[in-house]
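Structural characterization, general
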Amino acid sequence: MKITGIRTFLMHVGQPDPANWASDQRSGSGVSKQFGGTRNWLFLKVDTDEGITGIGECSGWPRVVETAIHDLAPLLIGEDPAHTERLWQKMHIAMMGHGMLGTVGGGAMTGIDMALWDIKGKALGVPVWMLLGGKVRDRIPIYSHANTPERALAIKARGIKAIKCGGVADPVRKVAALRDAVGDDMDIAIDLHGPPWLTPADACRLVRALEPYELMWVEDPIAPENIDGYRRIRDAAHVPLAAGERSATIFGERELIEKELVDIIQPDTGRAGGITQMKKIAAMAEAHHIQMAPHSGSLGPVAEYAALHLLAAIPNALILERLDDDWDGRRQTIVPHPQQVDGLIAVPDGPGLGCDIDEAFVARFPSNGNVSVPQSAGAYNPGTDNENLYVQTRQSRRTYFNR
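Note that this is a predicted model, so its numbers are computed, not measured. (Residues numbered from 1 in each chain as written. Predicted model: local features only at pLDDT ≥ 70, side-chain atom pairs only at ≥ 80, totals over all residues. Heavy atoms only, no water.)

1. Concerning the pairing of strand β4 (residues 54-58)
Among the five residues that make up β4, five are buried, leaving the element largely enclosed by the rest of the structure. Residues Gly54, Gly56 and Cys58 line one face of β4 and the alternating positions Ile55 and Glu57 line the opposite face, and both faces are buried. Across five bridges, the pairing between strand β3 (residues 40-48) and β4 is antiparallel. Paired with Phe43 across the bridge in β4 is Glu57. (Buried < 20%, exposed > 50% of the residue type's maximum accessible area, 1.4 Å probe, protein only. Helix = DSSP H or I, 4+ residues; strand = E, 2+ residues; numbered from the N terminus. Pairing = 2+ DSSP bridges.)

Structure follows, in structure tokens:
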């Protein structure tokens, strides 16, 4: 079998209802506001001379990733798609001259690699999870997003047993309100993603303040480049830490895992480097007793399928992020739509990934922009919103850190 071509499918996607999204962020000005945001999904298909087509999904700045895919395509045409590891290495070496691999390169390689695994599964007539070692579990637990007690209770009523809230504007009071609403029988996580990122000192103080609520994890409390800051937070408080969504490949996740700076590693299923890399990241994490909870909050449904196969096959799978009431078009984008019952998704059993996209539906939503300046209501110190700071020390500390 030989690869004959790679096709891409870029679509502008509706934003989730702000009330359903674990973030205080809203898109800044200067871009088209179709659907109220700049979220894009990028899918690709790898064609072969035997009529088998593989599907994949890429994230990490989709509009730019699409260009990277077309740049890589000539290297892959004529190759046997079964040799996933060799082709991954070939793509990695090809991009080496551009500098260290970031999420654009990682995103391009991810979609291609995902499609190659899909082709292999279809050719052999088995699901991808079988190629990864077989199933450890038949169903994958999910968590959804909630920033208000009302939203949390609605999620609980659907049988989902875990939620995540987000934002740095008022985190302690937000978590306290959610815990009061849902009681002790539901897990809560919080994502402290910037902007602005907390300084390590502020993150230590905040994580200690969150200890009484017995969180599932605290996610991204400081800027992702500040690896050493995680040790400081770890020494300051006894709360599980999670990070890793903004890095690509085993090399990007290595320090977080090897230095045991997190309890949960969260590679993004659309930009971590593909199933080839996700399996290796999971194995690295397993050796350090670290759990895997792939990031997928802003991803499309093909990456979700890939995550289901991975989580079915690894022993240290924890949970999958899922907006089960995302934009209505999500269900029309994918065939079939995953089946969710009581907060669990059944692992797909079809050959390969077991899914396809509706190309005609995707084509109805051309991309209108894919970059914005995030603005978080109340996240910046008063009067500093227009400074667009990456990291900022908290002021009014007595109020901020206490309920």
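2. Digging into the environment of Trp88
Residue placement: Trp88 occurs in helix α2 (residues 84-95). Residues Trp88 and Asp385, spaced 297 residues apart in sequence, show a C-alpha to C-alpha distance of 42 Å. Trp88 has contacts with Met109, Asp113, Thr249, Gly273, Thr276 and Gln277, leaving out every residue within four places of it along the chain. (Contact = heavy atoms within 4.5 Å.)

3. Quick look at the packing of helix α9 (residues 249-258) against helix α10 (residues 275-287)
Running from N to C, α9 and α10 cross one another at 15°; their axes reach a closest spacing of 10 Å. Relative to α10, α9 is oriented roughly parallel. Helix-helix and strand crossings are classified by hand; for α9 and α10 the assignment is right-handed. Contacts between α9 and α10 involve Thr249, Ile250, Glu253, Arg254, Ile257 and Glu258 from the former and Gln277, Lys280, Ile281, Met284 and Ala285 from the latter. Looking at the contact of α9 with α10, its residues break down into five nonpolar, two polar and four charged. (Axes fitted to C-alpha atoms, helices over the stretch in contact; angles between N-to-C directions. Parallel < 35°, antiparallel > 145°, perpendicular 65-115°, else oblique. Left-handed = near helix turned anticlockwise from the far one by under 90°. Nonpolar A, V, L, I, M, F, W, Y, C, P; charged D, E, K, R; others polar.)

4. Some words on the packing of helix α5 (residues 149-157) against helix α6 (residues 171-182)
Look at α5 against α6: their axes get within 9 Å of each other, and the N-to-C directions meet at 40°. Here α6 runs oblique to α5, going by the angle between their axes. As for the relative orientation of α5 and α6, their crossing is right-handed in sense. Taken together, the residues of α6 that come into contact with α5 (itself represented by Pro149, Ala152, Leu153 and Lys156) are Ala177, Leu178, Ala181 and Val182. By residue class, the composition of the contact of α5 with α6 is seven nonpolar, no polar and one charged.

5. Here we look at the pattern of salt bridges
Summed over all chains, the structure comprises 31 salt bridges. A salt bridge links Arg254 to Glu258; the shortest N-O distance between them is 3.0 Å. Residue Arg254 and its partner Glu258 are located together in helix α9, separated by four residues, close to a single helical turn. A relative accessible area of 37% means that Arg254 is categorised as partly exposed. Residue class for Glu258 comes out partly exposed when judged on its relative accessible area of 41%. Overlapping salt bridges, with partners in common, bring together Arg7, Lys45, Asp47, Asp356 and Glu359 in one network. (Salt bridge = Lys/Arg side-chain N within 4 Å of Asp/Glu carboxyl O.)

6. Examining a nonpolar patch on the surface
On the surface, Trp61, Val64 and Val371 cluster together into a nonpolar patch covering about 270 Å² of accessible area. Inspection of the secondary structure puts Val371 in the loop between α13 (359-363) and β17 (375-376). (Patch = residues over 30% accessible without salt bridge, like charges linked within 9 Å, V, L, I, M, F, W, Y side chains within 5 Å. Areas by Shrake-Rupley, 256 points an atom, 1.4 Å probe, with all protein chains shown as cover.)

7. Some points on the sheet that holds strand β1 (residues 3-12)
Sheet architecture is open: three strands sit in the order β1-β3-β4, paired in antiparallel fashion. Each edge of the open sheet is held by one strand with a lone partner, namely β1 and β4. The mean inter-strand angle of the sheet, taken between neighbouring strand axes irrespective of direction, is 20°. Of the strands in this sheet, β1, β3 and β4 are in contact with helix α3 (residues 103-124), which crosses β4 at around 155°.

8. Observations regarding the side chain of Lys164
With respect to the secondary-structure elements, Lys164 resides in strand β6 (residues 162-166). Looking at Lys164, its side chain comes within polar contact range of the side chain of Glu219, at 2.9 Å. Beyond its immediate sequence surroundings of up to four residues, Lys164 is in contact with Ala22, Tyr143, Ser144, His145, Ala146, Ala189, Ile190, Asp191, Trp217, Glu219 and Glu321. (Polar contact = N/O pair within 3.5 Å; in protein donor to acceptor, adjacent residues only side chain to side chain.)

9. A look at the confidence of the model for the protein
Taken as a whole, the protein shows an average pLDDT of 93; of its residues, 96% reach a score of 70 or greater. When the criterion is pLDDT under 50, residues 27-35 qualifies, and its contacts beyond four places in sequence or with other chains add up to 24 contacts. (pLDDT = per-residue confidence, 0-100.)

10. A few points about the environment of Ile69
Considering the arrangement of structural elements, one finds Ile69 in helix α1 (residues 62-76). Residue class for Ile69 comes out buried when judged on its relative accessible area of 0%. Considered as a pair, Ile69 and Cys58 are eleven residues apart in the sequence and their alpha carbons are 9.5 Å apart. Beyond its immediate chain neighbours, meaning those up to four positions away, Ile69 contacts Ile6, Thr8, Leu42, Leu44, Cys58 and Ala108.

11. Side note on unusual backbone geometry
Cis geometry marks the peptide bond from Gly194 to Pro195; its omega dihedral reads 5°. Mapping Pro195 onto the fold places it in the loop between β7 (187-191) and α7 (200-210). With omega at -10°, the peptide bond leading from Pro195 into Pro196 counts as cis. For Asp220, which is not a glycine, the phi torsion comes out positive at approximately 45°. Structurally, Asp220 can be placed in the loop between β8 (217-219) and α8 (227-236).

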